[in-house]
Amino acid sequence: MSSENLPQSPESTAGAAQSPASSGRSSERPRKPRVAVVFGGRSSEHGISVVTAGAVMSALDRTKYDVLPIGITRDGRWALTADDPVRMAITDRRVPDVDQLAEPAGGAVTLSVDPGNRDVVVGEPGAVPTVLGEVDVVFPVLHGPYGEDGTLQGLLELSGVPYVGAGVLASAIGQDKEYMKRVFTSFGLPVGPYEVVRPREWESDRPAARKRVMEFAAEHGWPLFVKPARGGSSMGITKVEDAAGLDEAIEEARRHDPKFLVESLLRGREIECGVLEFEDGPRASVPAEIPPVTSHDFYDFEAKYIDSAAGLVPAPLTEEQTAEVRRLAVDAFEAASCEGLVRADFFLAEDGTFVINEINTMPGFTPISMYPRMWQESGVSYPELVDRLIQAALNRSTGLR
């Protein structure tokens, strides 16, 4: 995808949206829109969310936006944090934590569910709550359950606060791999073989559930992958070579999610493609390829974030293959009713066909993440990408749309 096909800068839209606080007050000097970057959260992807937030905050144009960093601790408490992206990076192979960044006497942060009141309030037991003022847009960079799955998006809809990215339904679909695959199948998108085991099935009749998994393995062969149904960042996923390792893999997946999937090994190349919503609709970036990672069994968490396995951008594909994967990425975006952005992950099978593995409605925005790298190669820089997402959110209403 050549850069001339993409807007080189979102400057044309930069002043289009007025914040609620400034609209209708022509005698006052309009203030900068306030962006609340919300990160951390209760999922196992807490640390990567903090890293993503640090990268986003570094890219935000402080001459255009006021930034309010809000971290959610692992136990679910909302807290004001230091505006210090340097402390939000991976250091010595360790991911950061919201508790390390929270203001010592910051109190608990709350957001009103009254659509007419967008104030952020900080309160401590026995003290008068402090009103920090209005938030104009939320940039939710949470990954996994309790943030990327529609739960936070539902709160923001109730609050009437615009936000970056997918809405409630698309976020839920994008988080639950079972229903994601069901939606894709209903729209005619190609998915690979899989088997789902729900919590009640495993807990009420484990032998029967395990028998189904073994029948799946007998039909599709070993190795196979066992993964949490509602997880990300490759956490909790195990490549299982034979029946001897199955039970341990299931327990590892269930440690992250009581519902799990079993998928067959798809032999082929791993291809990713970014989708970004422009004024005229969603467009796909140049695709990337994740080459085989020789030091890991597959492209797992450590390969992605700790050992920084490099992808190839753009992917070495033919023109026809590039056009096809870009088309499928946009189709997946539309099928799941997404908004804002998506990273779509595919396998290019040995027979030359593409199979969609999954979408991420809030993909990683770390400095080494594939989504911003693909758009950089497509002519949209990291700061432009962040700005475009915020402007799109400011121009989009909450509620039914």
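Residues take numbers from 1 onward in each chain, read along the sequence in its written order. Under the rules for a predicted model, residues below a pLDDT of 70 receive no local features and side-chain atom pairs below 80 are neither given nor counted, while totals for whole chains, interfaces and linings still include all residues. The basis for the side-chain values is all heavy atoms of the structure; hydrogens and waters are excluded.

J.: Please clarify how the pattern of salt bridges should be interpreted in this entry.
T.: When the charged atoms of two side chains lie near each other, side chains of opposite charge can form a pair. Between Lys or Arg on one side and Asp or Glu on the other, a salt bridge is scored when a side-chain nitrogen of the former is within 4 Å of a carboxyl oxygen of the latter. Counted according to the given criterion, the structure contains 30 salt bridges. Of the charged contacts, one joins Glu178 and Lys259 as a salt bridge, the two residues approaching to 2.8 Å between their closest N and O atoms. Here the residue Glu178 occupies a position in helix 5 (residues 177-186), and Lys259 occupies one in the loop between helix 8 (246-256) and strand 11 (260-264), the gap between them amounting to 81 residues. When its relative accessible area of 5% is taken as the criterion, Lys259 is described as buried. Numbering of helices and strands starts at the N terminus; helices are DSSP runs of H or I of at least 4 residues and strands are runs of E of at least 2. The cut-offs for exposure are 20% and 50% of the maximum accessible area for each residue type, with area from a 1.4 Å probe on protein chains only; residues under the lower value are buried, those over the upper are exposed, and the others partly exposed.

J.: Is there a simple way to think about the pairing of strand 16 (residues 354-360) in this case?
T.: Every other side chain in a regular strand lies on the same face of the sheet, so the side chains alternate between the two faces. By the criterion of burial, strand 16 is predominantly enclosed, with 7 of the 7 residues buried. Bridge count between strand 15 (residues 341-349) and strand 16: 6 bridges; the pairing is antiparallel. Along strand 16, the bridge assignment pairs Phe347 with Val355. Strands qualify as paired when DSSP identifies two bridges or more between them. Hairpin remark: strand 15 followed by strand 16, antiparallel, with 4 residues in the connecting loop; positive phi at Gly352, about 90°.

J.: Mind showing me how you'd approach the side chain of Thr322 here?
T.: Considering the arrangement of structural elements, one finds Thr322 in helix 10 (residues 319-335). Note on definitions: a residue-residue contact is assigned when non-hydrogen atoms from the two residues lie within 4.5 Å. If we skip the residues at most four places from it in the chain, Thr322 touches Pro287 and Leu317.

J.: Sorry if this is basic, but what is going on with unusual backbone geometry here?
T.: Keep in mind that most residues, glycine aside, have a negative phi and that most peptide bonds are trans. With an omega of -5°, the peptide bond running from Trp222 to Pro223 counts as cis. For Pro223, the position within the fold is in the loop between helix 7 (206-220) and strand 9 (224-228). A positive phi angle, close to 65°, is found at Tyr146, a residue other than glycine. Of note, Ser337 is a non-glycine position whose phi angle comes to about 60°, a positive value. Within the secondary structure, Ser337 sits in the loop between helix 10 and strand 15.

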